[in-house]
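Fold and contact review
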Amino acid sequence: MVKDLTSIPPVSLLFYRSLIMLGVSMPWAVAVNKPPFPPDMDRKEQGLLVFRGVVGFVNILASYYSLRYLNIGDQKMVASSRPVWVILFSKLFLKERCGCIEAVLMVLMMTGVVIVVKPPYLFGSAAGPAYDEPAMWSALAVLFTTALSANTTIILRKMRKQHVASLTAANQIFFLLQTFGLIWVGGFEMKTPVMKDKVMILVMSLVVITYSVINMLALKIVEANISSVVTSCTDLLVAMLVQILYYKTLPDV
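All of the points below concern the structure found in this document. (Residues numbered from 1 in each chain as written. Predicted model: local features only at pLDDT ≥ 70, side-chain atom pairs only at ≥ 80, totals over all residues. Heavy atoms only, no water.)

Further remarks concern helix α9 (residues 195–219). An α-helical turn contains 3.6 residues, so any two residues separated by three or four positions project in the same direction. Taking 1.5 Å of rise per residue, 25 residues should cover 36 Å, and α9 covers 36 Å from first to last C-alpha, within 8% of that figure. Every buried residue belonging to α9 is among D197, M200, I201, M204, S205, I209, V213, M216 and L219, and all of these are buried. Of the surrounding secondary structure, the elements contacted by the buried residues of α9 are α1 (10–31), α2 (43–66), α7 (133–158), α8 (164–186) and α10 (224–245). (Helix = DSSP H or I, 4+ residues; strand = E, 2+ residues; numbered from the N terminus. Expected span 1.5 Å × (residues − 1). Buried < 20%, exposed > 50% of the residue type's maximum accessible area, 1.4 Å probe, protein only. Contact = heavy atoms within 4.5 Å.)

Structure (structure tokens):
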């Protein structure tokens with residue numbers, strides 16, 4: 001849906017999405033008496049929520065912009081490097097396991113990213129890159145911000161005792177503040193979307209919040225590295241199917 005909403009700047013699209021998601025999560029948080037920043041939360045946990053909101057915002061914004069240049073399947077392939085960083089950070093901060101299977105998965109995932117990006121110094125200029133320079137930079141931006149935002153999975157696993165509604169509402173508050181500030185400083189146009197775009201934004205927002213809630217619930221049960229691998233594989237499979245069936249674009253070989 002993000003790839004089809006080309007008439008709306010990505011930062012404005014993220015603002016609309018966050019507004020809808022906050023409109024869903026805040027009443028839920030009030031209904032269960034779980035505010036975004038409960039009084040029993042210490043300074044360290046509050047700092048983790050702020051960090052989660054900042055790096056998550058940067059990653060999503062980079063992902064939205066990259067979809068203007070990359071095929072959806074290729075963009076998801078780059079983003080699927082997330083489990084690599086989650087495995088490393090979960091081992092470092094949560095003391096989760098990291099054995100031979102995890103090492104093989106990390107090598108396979110990073111190999112896939114290299115094949116998609118096709119850096120000239122590895123593939124040679126004669127073969128020609130699959131994308132132009134702006135697309136290459138957008139792919140690198142997604143890769144870098146994905147590495148940073150992998151910490152959000154670690155944070156959600158660490159804060160698994162907090163209510164899902166509270167965590168969701170807090171994150172969307174940070175997203176709204178950041179998008180509004182960026183729109184104000186950057187002078188982005190905030191025009192009213194047409195009805196078709198409104199419906200697409202609404203559906204996208206509801207899908208994202210449902211996906212986020214399921215992910216947070218999973219992290220209450222399974223380890224961060226397992227959840228990240230399953231999530232990334234599912235995302236990549238769905239993205240490839242959408243690219244082939246909807247956009248009629250076969251993956252580059």
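Moving on from the model shown.
Going through the model one piece at a time under the given rule, you end up with five aromatic pairs. Between F37 and F174, the aromatic rings sit 5.7 Å apart at their centres with planes inclined by 80°, giving edge-to-face as the arrangement. You can see F37 sitting in the loop between α1 and α2 and its partner F174 sitting in helix α8, a full 137 residues away along the chain. Here F37 falls in the partly exposed class, since its relative accessible area comes to 35%. Residue classification places F174 among the buried residues on the basis of a relative accessible area of 15%. Both rings, one in F89 and one in F93, keep their centres 6.2 Å apart while their planes meet at 35°; by these two values the pair is tilted. Placement of the pair is F89 and F93 together in helix α4 (residues 82–93), with a separation of four residues, close to one helical turn. (Phe/Tyr/Trp six-rings, centres within 6.5 Å; stacked < 30°, edge-to-face > 60°.)

Now for the side chain of R17. Tracing the backbone shows R17 in helix α1. Lacking a salt bridge, the buried R17 has D235 as its closest oppositely charged neighbour, with an N-O distance of 11 Å. Contact partners of R17, with chain neighbours within four places excluded, come to I60, Y64, F175, I201, M204, S205 and V208. (Lys, Arg positive; Asp, Glu negative; His and termini not counted. Salt bridge = Lys/Arg side-chain N within 4 Å of Asp/Glu carboxyl O.)

Right, let's get into the packing of α8 against α9. With their axes 10 Å apart at the nearest point, α8 and α9 run at an angle of 130° to one another. In terms of their interaxial angle, α8 and α9 are classed as oblique. Like other packed secondary-structure pairs, α8 and α9 cross with a definite hand, here right-handed. Counting all contacts with α8, which are made through V164, L167 and T168, the residues of α9 involved are I209, V213, M216 and L217. (Axes fitted to C-alpha atoms, helices over the stretch in contact; angles between N-to-C directions. Parallel < 35°, antiparallel > 145°, perpendicular 65-115°, else oblique. Left-handed = near helix turned anticlockwise from the far one by under 90°.)

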